[in-house]
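Listed below, chain by chain, are the residues.
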Amino acid sequence: MARRYAARVRLATWNINSLKVRIDRLREWVDYAAPDVLCLQETKVADDAFPALTFAEWGYETVHHGQGQWNGVAIASRLGVTEVVHGFAPGIEPDVDARLVTATCGDMRVMSVYVPNGRAVGHEQYHYKLVWLDRLRAHLDAVAGPDDPVVVAGDFNIAPADRDVYDPAAFVGETHVTDDERERLVRLHEWGLVDLFRVAYPDADKVYSWWDYRRGDFHQGRGMRIDLALGSRAVAQGVDYALIDRHARKGKLPSDHAPMLIDLTL
DNA sequence: ATGGTAGAGCATCTA
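Rules used throughout
Residues numbered from 1 in each chain as written. Chains lettered and ligands numbered in written order. Predicted model: local features only at pLDDT ≥ 70, side-chain atom pairs only at ≥ 80, totals over all residues. Heavy atoms only, no water. Pairing = 2+ DSSP bridges. Helix = DSSP H or I, 4+ residues; strand = E, 2+ residues; numbered from the N terminus. Contact = heavy atoms within 4.5 Å. Axes fitted to C-alpha atoms, helices over the stretch in contact; angles between N-to-C directions. Phe/Tyr/Trp six-rings, centres within 6.5 Å; stacked < 30°, edge-to-face > 60°. Buried < 20%, exposed > 50% of the residue type's maximum accessible area, 1.4 Å probe, protein only. Near = heavy atom within 4 Å. Polar contact = N/O pair within 3.5 Å; in protein donor to acceptor, adjacent residues only side chain to side chain. Nonpolar A, V, L, I, M, F, W, Y, C, P; charged D, E, K, R; others polar. Salt bridge = Lys/Arg side-chain N within 4 Å of Asp/Glu carboxyl O.

Draft legend 1. Representation of the sheet that holds strand E5 (residues 82-86). Ordered in space as E5-E6-E7-E8-E12-E9, the six strands form an open sheet in which the pairing is mixed. Looking at the sheet topology across the chains shown, the edges are occupied by E5 and strand E9 (194-195). Packing against the sheet, helix H3 (residues 124-143) makes contact with E5, strand E6 (100-105), strand E7 (108-114) and strand E8 (150-155), and its axis sits at approximately 165 degrees to E7. Contacting E8, E9 and strand E12 (227-231), helix H4 (residues 179-191) runs over the sheet at an angle of about 25 degrees to E12.

Dropping the structure here:
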């Protein structure tokens, strides 16, 4: 259906690191931030344990793609949830894990992604990460076009540039910062996606979305910006505001990731 | 000091 007027949309993404443990904190943040579309990662629940009725009480339609103990991704939307694809589109080698779910929310084609961690450079899981990102690019071609309003949001487990890492020297030879991983992000840029946080803040540094639980890293400012919202041109040109909400990383039982929100005019 | 914490779930595995 043709769009008749500009719509303001608040998009959010959060690696919640267990929906079961974090449901009250999530409710608190949703009340505060009131996103229209919310991408979640690491729900760590099976589909039959996903609290869809709770989200419905909050005013959200949901789709969840989970497996139980690990991984699990969801999209919660006040703008509808249609044209759902669980995992990679048909024709692409299926994923062994639940790391991707796609839905149309309002006018946007939305993907919630939990990119494999990679564990260590050269590890079998690192190879899986790189191949997974190649498959994500193929998936984009299958479910959307670069001229559509498209958003790919989630935990990419890649810091796009050195300024997205608290100490680049500390990560030499580690995952999340290698040329091979960053090249996969460049390929997504070549498809037509841009880093929406950078649209709002082209030069900001020391802005992170994840801090290791250990060693007091959050309080010492040792973080990385690895949670990204990538958007096509139709989305990027409408970015009004972006925020990585560090306050949600504080207090009792925080996720190790902060949520990010992006305000758009579509 | 090759450490530390957190979540799954009950011995470790994953991050």
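Draft legend 2. The arrangement of the packing of aromatic side chains in detail. Scanning the entire structure with this criterion turns up seven aromatic pairs. On the basis of an interplanar angle of 55 degrees and a centroid distance of 5.2 Å, the ring pair of Phe88 and Trp132 is categorised as tilted. With Phe88 in the loop between E5 and E6 and Trp132 in helix H3, this residue pair connects regions lying 44 residues apart in the sequence. The buried category is assigned to Trp132, whose relative accessible area is 0%. By the ring-pair criterion, three or more aromatic residues cluster together here, those being Phe50, Phe55 and Trp58.

Draft legend 3. Spatial organisation of the protein's contact with DNA strand B. Neighbouring residues of DNA strand B: 15 residues in total, closest Ser18, Arg22, Asn117, Arg119 and Arg214. A share of 67% of the atoms of DNA strand B within 4 Å of the protein falls on sugar and phosphate groups. One of the side-chain nitrogen or oxygen atoms of Ser18 is found 2.2 Å away from a phosphate oxygen of DNA strand B. Residues of the surface near DNA strand B, tallied by class, amount to five nonpolar, four polar and six charged.

Draft legend 4. Local environment of the pattern of salt bridges. Throughout the structure, instances matching the rule amount to 17 salt bridges. With its nearest N and O atoms 3.9 Å apart, the salt bridge here joins Arg184 to Glu183. Classification of Arg184 as buried rests on a relative accessible area of 12%. For Glu183, a relative accessible area of 32% corresponds to the partly exposed category. Asp195 is the salt-bridge partner of Arg225, the closest N and O atoms lying 2.8 Å from each other.

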